[in-house]
Amino acid sequence: PILLPAAAAAQDFHTEARAAIVVDFDTQAVLYAKDPDRRLPPASMSKIMTMYVVFEMLRDGKLSLDDELPVSRKAWQMGGSKMFVKIDTRVKVEDLIRGVIVQSGNDACLVLAEGIAGSEEAFVRLMNERAKALGLTDSNFANVSGWPHADHYMSVRDLARLARHLIADFPDRYRIYSE
């Protein structure tokens, strides 16, 4: 078989997905795009922004991996994917990060948000401020976990941009995603 350059191969690629994008990490060249700016519910992909904010706080010394954050009743009751935190306990930030990344724990997201910012709403404000600063023009976050909400959306272009930022800005933390 003849191997085509990535851009030429991408022209022949088709997907049933509503939106898609393939971007070269180094050059940021778009190799394939299908409705890349369409605003869609990102579900658990939202957790990439949650983690981006947490990683910034760790980098800036506003948070430590050894900090223990309290588990509220609201976090304990959170539905969907869970880390299974126990109410009225404290959990290390390092464990919560793995709970979010490895287990996709909605409860772990909420413990981080409440422990860092005082409430999910306050943490979501941080997420949206950061999204704007990173140039995410077709994204808005209404919660930390990706739980369905009419005002919670991302485009695949923004998702690719955010993923690149997370990898480039926090290469040491990005390794956790391989677990």
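Anyway, here's the lowdown on the structure attached to this text. (Residues numbered from 1 in each chain as written. Predicted model: local features only at pLDDT ≥ 70, side-chain atom pairs only at ≥ 80, totals over all residues. Heavy atoms only, no water.)

It is worth spelling out the overall build of the protein at this point. A count of helical and extended segments in the protein gives eight helices and four strands. For a compact globule of 179 residues, the expected C-alpha radius of gyration is about 16 Å, and the protein comes in at 17 Å, within 12% of that figure. On the principal axes, the C-alpha backbone points of the protein span a range of 60 × 35 × 30 Å. Every one of the 179 residues in the protein was classed for burial, and the buried ones make up 40%. Accessible surface computed for the protein: about 9,800 Å², of which carbon and sulfur atoms make up 52%. (Helix = DSSP H or I, 4+ residues; strand = E, 2+ residues; numbered from the N terminus. Rg over C-alpha atoms; globule rule 2.2 N^0.38 Å. Buried < 20%, exposed > 50% of the residue type's maximum accessible area, 1.4 Å probe, protein only. Areas by Shrake-Rupley, 256 points an atom, 1.4 Å probe, with all protein chains shown as cover.)

Another aspect to go through is the pairing of strand β1 (residues 20–23). Bridging between β1 and strand β2 (residues 30–34) involves four bridges; their strand directions are antiparallel. Among the inter-strand pairings, Val22 is bridged to a residue of β2, identified as Tyr32. Following β1, the chain reverses through six residues before pairing antiparallel with β2; Gln28 in that reversal takes a positive phi of roughly 65 degrees. (Pairing = 2+ DSSP bridges.)

Time to look at helix α6 (residues 120–133). The terminal C-alpha atoms of α6, which comprises 14 residues, lie 20 Å apart, in line with the 20 Å expected from a rise of 1.5 Å per residue. Looking at α6, one finds that the buried residues are Glu120, Ala122, Phe123, Val124, Met127 and Ala131. Contacts from the buried residues of α6 go to α2 (47–59), α3 (73–77) and α5 (106–117). (Expected span 1.5 Å × (residues − 1). Contact = heavy atoms within 4.5 Å.)

Okay, the packing of α2 against α6 next. The geometry of a pair of packed helices is captured by two quantities: the angle between their axes and the separation between those axes. Contact geometry of α2 with α6 gives a least axis separation of 10 Å together with a crossing angle of 90 degrees. With respect to α6, the element α2 is oriented roughly perpendicular. In this structure, α2 uses Met49, Thr50, Tyr52, Val53, Val54, Glu56 and Met57 to contact α6, whose residues at the interface are Phe123, Leu126, Met127, Arg130 and Ala131. Partitioned by chemical class, the residues of the contact of α2 with α6 number nine nonpolar, one polar and two charged. (Axes fitted to C-alpha atoms, helices over the stretch in contact; angles between N-to-C directions. Parallel < 35°, antiparallel > 145°, perpendicular 65-115°, else oblique. Nonpolar A, V, L, I, M, F, W, Y, C, P; charged D, E, K, R; others polar.)

Let's shift gears to the environment of Leu136. Within the secondary structure layout, Leu136 lies in the loop between α6 and α7 (156–169). In this structure Leu136 comes out as buried when scored by relative accessible area, which is 5%. Between the C-alpha atoms of Leu136 and Met154, which are 18 residues apart in sequence, the distance is 8.4 Å. Leave out the neighbours within four places in its chain, and Leu136 touches Met49, Ala131, Asp158, Arg161 and Leu162.

So, on to the nonpolar core. Core analysis: the largest hydrophobic core is formed by 41 residues, its most contacted members being Met49, Met51, Val54, Phe55, Leu96 and Ile97. Mapped by element, the contributors of at least two residues to this core are α2, α4 (93–101), α5, α6 and α7. (Core = buried A, V, L, I, M, F, W, Y, C linked by side-chain atoms within 4.5 Å.)

This paragraph deals with the packing of aromatic side chains. This structure, assessed with the given rule, holds three aromatic pairs. Here the aromatic residues Tyr52, Phe55 and Phe170 are joined through ring pairs into a cluster of three or more. Taking the ring centre of Phe25 as reference, the NZ or CZ of Arg164 above it sits at 4.7 Å. (Phe/Tyr/Trp six-rings, centres within 6.5 Å; stacked < 30°, edge-to-face > 60°. Lys NZ or Arg CZ within 6 Å of the ring centre and 35° of its normal.)

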